[in-house]
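Structure at a glance
Each chain, written out:
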Amino acid sequence: QSAIINDEFKIYLQPKWDIVNDRLVGAEALVRWIKDDGSTIYPSDFIPLFETNGFIEKLDFHMLEKLCNRIRDLETEKKYRIVPISVNQSRILINNPDYVKNVEKVISRYDIDIKHLEIEITETVFFDEKNKMVEVVNQLKKLGLQLAMDDFGSGYSSLNMLRDIPFDILKIDREFVS
C-alpha cells in the first residue's frame, strides 16, 4: 500500500512493432516497482504474491489509472502519433462485479480517446467461469475497448474458445508455438 502512495509502481512502455511495415503499432504497459533507494523489483518477484494476497486488484486498477493519465497527457501534448497501449488486468480484478463500471469511470475521468487503450486479459481467466467472463468481455467491447487475449496456449486452451470470445488481438504463448 505504501508503494502505491509513494508512487513506486512505474509504467514502462514496451513497443509493439510491425516487422512487415517497419513501424510502431502499439505498446504494452509493464509495471516495475522502483523503490525509494532506486532498486527495482520485477513483476515475477511480486505479482505471484499479489495474486495470492489479493493486492493485485488494487495494483491493476492503479496501473489502469496511471496509464489513462499518461494517455491523456500524450493526447494533450499533441507532439506524438499515439498508438494503442495495452494494460494487463488480472482475473481477480475482472471478477469484481463493478469492474466494467469502474473501467468506464476511469476512462470518463481522464476523458481519453478509447482507441488509445487496450485491455489485456490472460487466457486462464476463462477456465473457471467462462460464461461470466465472456459477459464481462462483451461489456468491455460495448464500451468500445480493444481487447487482447494474452498467453493463449499457455494452459488448456482450445481454438474453439476463440469463436465464443470477441478478442481483437491474440497473443500466442511461446510454449504453444514450440
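Presented here is a report on the structure given in the accompanying data block. For clarity, every value in this text was computed on a predicted model and none was experimentally measured. (Residues numbered from 1 in each chain as written. Predicted model: local features only at pLDDT ≥ 70, side-chain atom pairs only at ≥ 80, totals over all residues. Heavy atoms only, no water.)

Under the criterion given, the structure shown has six salt bridges. Asp-7 is the salt-bridge partner of Lys-66, the closest N and O atoms lying 2.5 Å from each other. One end of the pair, Lys-66, is in helix H3 (residues 55-77); the other, Asp-7, is in the loop between helix H1 (2-5) and strand E1 (9-18), and 59 residues separate them in sequence. Asp-7 sits in the partly exposed class, given a relative accessible area of 33%. Connected through shared salt-bridge partners, Asp-7, Lys-10 and Lys-66 make up one network. (Salt bridge = Lys/Arg side-chain N within 4 Å of Asp/Glu carboxyl O. Helix = DSSP H or I, 4+ residues; strand = E, 2+ residues; numbered from the N terminus. Buried < 20%, exposed > 50% of the residue type's maximum accessible area, 1.4 Å probe, protein only.)

The subject of this paragraph is unusual backbone geometry. A positive phi angle, close to 55 degrees, is found at Lys-78, a residue other than glycine. With respect to the secondary-structure elements, Lys-78 resides in the loop between H3 and strand E4 (85-89). Assessed through its relative accessible area of 71%, Lys-78 is described here as exposed. Phi is positive for Asp-111, which is not a glycine, with a value near 50 degrees. For Asp-111, the location among the structural elements is in the loop between helix H5 (99-110) and strand E5 (117-122). The exposure class of Asp-111 is exposed, given its relative accessible area of 64%.

Approximately 190 Å³ is the volume found for the second largest pocket. Leu-13, Pro-15, Leu-24, Gly-26, Ala-27, Leu-74, Tyr-80, Arg-81, Ile-82, Val-83 and Ile-85 together form the lining of the second largest pocket. Sorting the residues of the lining of the second largest pocket by element identifies E1 and strand E2 (23-34) as the ones contributing at least two each. Residues of the lining of the second largest pocket, tallied by class, amount to nine nonpolar, one polar and one charged. (1 Å grid on protein atoms, 1.4 Å probe; cavity = no way out; pocket = protein on both sides within 12 Å on 5 of 7 lines; lining within 4 Å. Points joined across faces, edges and corners; volume = space filled by probe spheres on them. Nonpolar A, V, L, I, M, F, W, Y, C, P; charged D, E, K, R; others polar.)

Side chains of nonpolar character tend, in soluble globular proteins, to be buried together. Counting residues in each nonpolar core, the largest one holds 44 residues, and the members touching the most others are Phe-9, Leu-59, Leu-64, Tyr-99, Leu-117, Ile-119 and Leu-140. Here the element with the most residues in this core is H3; it accounts for nine residues. Those residues in contact with Leu-64 that lie beyond four places of it in its chain are Val-87, Gln-89, Val-103, Val-106, Leu-117 and Ile-119. (Core = buried A, V, L, I, M, F, W, Y, C linked by side-chain atoms within 4.5 Å. Contact = heavy atoms within 4.5 Å.)

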